[in-house]
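Close look at the chain arrangement
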Amino acid sequence: MLIHGLWLLLLPIAAASGWAAAKWSQKSDALDDRKALFPKDYLLGLNFLLNEEPDKALDVFLKMVDVDSETVETHLALGNLFRRRGEVNRAIRIHQNLIARPTLSKDIRVQALFALAKDYLSAGVLDRAESLFLELVEMNEQVGESLQCLLSIYQQEKNWQSAIQIAQKINARTGTDMHLPIAHHYCELAELALKTDDYESATRYLKKALSNDSNCVRASLLFGNMLVGKGNYKQAIRHFQHIKDQDPDYFVEAITPLVDSFRALSKETELILYFKEVLKEFPRIPVVVVLSEQIRQWRGDKAAATFVADYVRKHPSIAGVHRLVELQLPLTEGRAKHDLSILHSLTQKLLAAQPSYQCINCGFAGKVLHWQCPSCKRWSSMKPMYTLEVEQDD
Ligand SMILES: [Zn+2]
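Reading guide: rules and limits
- Think of each chain on its own: its residues are numbered from 1, step by step along the sequence as written.
- The model is predicted, so local features are restricted to residues of pLDDT at least 70 and side-chain atom pairs to those at 80 or more, both for listing and for counting; the totals for chains, interfaces and linings are taken over all residues.
- The basis for every side-chain value is the complete set of non-hydrogen atoms in the structure, without hydrogens or water.
- A helix here means a DSSP run of H or I that spans at least four residues, while a strand means a run of E at least two residues long, and both kinds are numbered starting from the N terminus.
- We call two N or O atoms a polar contact when they sit within 3.5 Å, provided that within protein one can donate a hydrogen and the other can accept it, with sequence-adjacent residues counted only if both atoms are side-chain atoms.
- What makes a salt bridge here is a side-chain nitrogen of Lys or Arg within 4 Å of a carboxyl oxygen of Asp or Glu, nothing more.
- Burial classes: relative accessible area under 20% of the type maximum marks a residue as buried, over 50% as exposed, and values in between as partly exposed (1.4 Å probe, protein chains only).
- In this analysis an axis means a line fitted to C-alpha atoms, helices contributing only their contacting stretch, and an angle means the value between N-to-C directions, from 0 to 180 degrees.
- Roughly parallel covers angles under 35 degrees, roughly antiparallel covers those over 145, roughly perpendicular covers 65 to 115, and oblique covers all other angles.
- By definition, turning the near helix anticlockwise from the far helix through less than a right angle yields a left-handed crossing, and turning it clockwise yields a right-handed one.
- It only takes one pair of heavy atoms within 4.5 Å for two residues to be counted as in contact.
- In this classification, Asp, Glu, Lys and Arg are treated as charged, Ala, Val, Leu, Ile, Met, Phe, Trp, Tyr, Cys and Pro as nonpolar, and every other residue, Gly included, as polar.
- The donor set comprises N, O and S atoms within 2.8 Å of the metal, extended to 3.2 Å for Na, K and Ca; water molecules are omitted, so apparent gaps in a site may simply reflect that omission.
- The rule is simple: four donors are tetrahedral if all their angles sit between 85 and 135 degrees, four are square planar and six octahedral if opposite donors span more than 155 degrees and the others lie between 65 and 115, and anything that fits none of that is irregular.

1. Digging into unusual backbone geometry
- In this model, Asn140 sits at a positive phi of 60°, which is unusual for a non-glycine residue.
- Its place among the elements puts Asn140 in the loop between α9 (126-138) and α10 (143-156).

2. Re the environment of Thr176
- Here Thr176 is to be found in the loop between α11 (160-174) and α12 (179-195).
- Among the polar contacts listed, one links the side chain of Thr176 to the side chain of Thr174, at a separation of 2.7 Å.

3. Notes on the pattern of salt bridges
- By the definition in use, this model includes 18 salt bridges.
- In this structure, Arg83 engages Asp119 in a salt bridge whose closest nitrogen and oxygen atoms are separated by 2.6 Å. Taken together, the residues span a long stretch of sequence, with Arg83 in helix α6 (residues 69-84) and Asp119 in helix α8 (residues 106-123) at a distance of 36 residues.
- In this structure Asp119 comes out as buried when scored by relative accessible area, which is 0%.
- In this structure, Asp249 and Lys383 form a salt bridge, with 3.2 Å as the shortest nitrogen-oxygen distance. Of the two residues, Asp249 is situated in the loop between α15 (233-246) and α16 (251-264) and Lys383 in strand β3 (residues 382-384); the sequence distance between them amounts to 134 residues.
- Given a relative accessible area of 28%, Asp249 falls into the partly exposed group.
- Through salt bridges with shared partners, one network takes in Glu293, Arg296, Arg323 and Glu326.

4. Let's talk about the packing of α11 against α12
- Relative orientation of the contacting elements α11 and α12 amounts to 165°, with a least axis distance of 9 Å. By the angle between their directions, the pair α11 and α12 is classed as roughly antiparallel. Handedness of the crossing formed by α11 with α12: left-handed. Packed against α11, whose contacting residues are Trp160, Gln161, Ala163, Ile164, Ala167 and Gln168, the element α12 presents Ile182, His185, Tyr186, Glu188, Leu189 and Leu192 at the interface.
- Here the contact of α11 with α12 is composed, by residue class, of 8 nonpolar, 3 polar and 1 charged.

5. Quick notes on the packing of α8 against α10
- It is at 12 Å that the axes of α8 and α10 come closest, and there the two elements cross at 20°. Overall, the two elements α8 and α10 adopt an arrangement that is roughly parallel. Regarding α8 and α10, the two cross each other, and that crossing is left-handed. Facing Phe114, Lys118 and Leu121 of α8, the residues of α10 in contact are Glu145, Ser146, Cys149, Ile153 and Gln156.
- Of the residues contributing to the contact of α8 with α10, the split by class is 4 nonpolar, 2 polar and 2 charged.

6. Quick word on the coordination of the zinc ion
- For the zinc ion, the full set of protein donor atoms is Cys359 (SG), Cys362 (SG), Cys373 (SG) and Cys376 (SG), at a range of 2.3 Å.
- Coordination at the zinc ion is tetrahedral: its 4 donor atoms span angles of 104 to 115° at the metal.
- Donor residues for the zinc ion, ordered by position in the chain, follow C-x2-C-x10-C-x2-C. Within this pair, whereas Cys359 is found in strand β1 (residues 357-359), its partner Cys373 is found in the loop between β2 (365-366) and β3, the two being separated by 14 residues in sequence.

Encoded structure:
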């Protein structure tokens, strides 16, 4: 509803005619005051707004000859109101009309420029928004917010070099810690380099990512995967193992490449010993699944099922029950096997219906790991769900 927010526009009227009237003036007729302070057009425009006729209102405001310090605030508020309602073209017309006025004070001009830049950003006209925000930074006006908007623009454009420069400026100008996003920007550059097999550039970018944020899991994963691609499994294992210390929430991402790398080196025994150690400090179902598979291959389904049953008893979870049933199936026959297979498909469905990742900041959930949350745009806020799954400790 347009009415919602109109109070902002009516404030000058209220100030002139209502509770402040007595203080403001000794004149007897408040209506005369109002007419004197606000041109006829202004009241006409407001009237159109109140009647939900925004285009007529817009025409009146745009054609207003005089915009003084009182009514200019209303122009700005009206433009911002249109933008918030998603009517960006109307907002742009209002703010452009203001900027075109030669008599505008510097302060108002800055506010109008900033508002227009935000209009373009909302409309997705990124190049125009970018040049206005850059102009504001150059003028040393609205610097903090303009830099944040520029960062958002460069991220949308995947212009990672410019994003890094702006993030560094934000850090220098506002003191905000930008090491985490900068590390991700370097990871983005590394991913682009890896697409063209440019390992030298990728290595350089990943090192910069880690020097900005030594806990950048993404850089370690990329490093490990790059080394796997080059057949350097030993070095790759070191990068994958490091993830547990960087951020244990993401360790699940390293499990499959770790298992593959140990196997590529025919080091199954080391694999088991390593994951048994990991399980002590990190009793989570993905580790149990890996170990149970090794136990199954070496000592059969029964030993593996006993191992998983011990774990599930201590830490009940759907994924644990699913793995246990999976291992029990080959050991049963007849009616029991039939019942277990029903249970198995049920747990399968429950697991499939669960999102794999969820943002700890805004709750956005999905099956794919986004390093930048698609909803709230935070970096490293989407976590693997198993870390969020409620598991009971003994
Ligand atoms: Zn989010």
